[in-house]
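This is what each chain is made of:
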Amino acid sequence: MARDPDTIQREIEQARDALAATLDQLSVKASPKRLVDNAKSSARSTLDDPKVRYALIGVGVLVGLLVVRRLFR
């Protein structure tokens, strides 16, 4: 059964529009600025956790003490 050329043309245009919409969505999702913003907010939320914050402070103090001890030896 042969299809009408107008029907084929409409289907091609619909497929093209669907592809364009999908590409637009992918470009928004994979935007470098958006990825950086997501990474920053993730890092901030992790560092806002008291367990992580106090552990990092403890490690910083320990490293500082070791550096000072090595300098005065």
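In this text, all values refer to a predicted model and were calculated from it rather than measured experimentally. (Residues numbered from 1 in each chain as written. Predicted model: local features only at pLDDT ≥ 70, side-chain atom pairs only at ≥ 80, totals over all residues. Heavy atoms only, no water.)

1. As for the overall build of the protein chain
Assigned secondary structure in the protein chain consists of three helices and zero strands. Order of helices (α) and strands (β) in the protein chain, N terminus to C terminus: α-α-α. Over its C-alpha atoms the protein chain spans a radius of gyration of 28 Å, topping by over 25% the 11 Å that the globule rule assigns to 73 residues. Along the first, second and third principal axes, the C-alpha atoms of the protein chain reach 90 × 25 × 20 Å. When each of the 73 residues of the protein chain is scored for burial, the buried share is 0%. (Helix = DSSP H or I, 4+ residues; strand = E, 2+ residues; numbered from the N terminus. Rg over C-alpha atoms; globule rule 2.2 N^0.38 Å. Buried < 20%, exposed > 50% of the residue type's maximum accessible area, 1.4 Å probe, protein only.)

2. Notes on the environment of Thr 7
Topologically, Thr 7 is positioned in helix H1 (residues 5–29). On the accessibility criterion, Thr 7 (24% relative accessible area) is partly exposed. Between the C-alpha atoms of Thr 7 and Ser 41, which are 34 residues apart in sequence, the distance is 48 Å.

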